[in-house]
Amino acid sequence: MTCTKSTLIEKISNIFDQNPSQSKEVLETLIEIMKSTLASGEDIMVSGFGKFQVIEKSPRKGRNPATGDAMILEKRRVVTFKCAGKLKNKINEEIQ
């Protein structure tokens, strides 16, 4: 099952005994801060969780899958996530 934004809002409301609308506002604010930080090219590092990093991709040759025509994909920025060791260990606890 996927944890959605509404699931997160519900969990935050329950943990902090808050009104769901307050929890939604907190989560939306956090997401907006993260978006603007990444859009400005800065990385986000959350200790014990991981690092969101903006990486510049160079232009490259590609192919249109529908037509098979060759094309040049322009340079772009993408967000990557590198998991922290603590999170990696937590995820793998269930397997062992």
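Note that the coordinates shown come from a computational prediction; the quantities given were computed from them, not determined experimentally. (Residues numbered from 1 in each chain as written. Predicted model: local features only at pLDDT ≥ 70, side-chain atom pairs only at ≥ 80, totals over all residues. Heavy atoms only, no water.)

A. Region of interest: the pattern of salt bridges. Enumeration according to the criterion identifies three salt bridges in this entry. Note that Lys-5 and Glu-28 form a salt bridge whose closest N and O atoms lie 3.1 Å from each other. With Lys-5 in helix α1 (residues 5-16) and Glu-28 in helix α2 (residues 20-39), the pair connects residues that are 23 residues apart, well separated along the chain. Its relative accessible area of 26% is what places Glu-28 among the partly exposed residues. (Salt bridge = Lys/Arg side-chain N within 4 Å of Asp/Glu carboxyl O. Helix = DSSP H or I, 4+ residues; strand = E, 2+ residues; numbered from the N terminus. Buried < 20%, exposed > 50% of the residue type's maximum accessible area, 1.4 Å probe, protein only.)

B. Summary view of the pairing of strand β4 (residues 70-73). Sheet analysis places strand β3 (residues 60-63) next to β4, joined by four bridges and oriented antiparallel. Paired with Gly-62 across the bridge in β4 is Met-71. (Pairing = 2+ DSSP bridges.)

C. Spatial organisation of the sheet that holds strand β2 (residues 50-57). The three strands lie next to each other as β1-β2-β5, forming an open sheet whose pairing is antiparallel. Every interior strand has two partners, whereas the edge strands, β1 (44-46) and β5 (76-83), have only one. Geometrically, the sheet is characterised by an average inter-axis angle of 25° between neighbouring strands, direction not taken into account. Bridge count for β2 against β5 is eight bridges, and the pairing is antiparallel. Counted as the bridge partner of Phe-52 is Phe-81 from β5. (Axes fitted to C-alpha atoms, helices over the stretch in contact; angles between N-to-C directions.)

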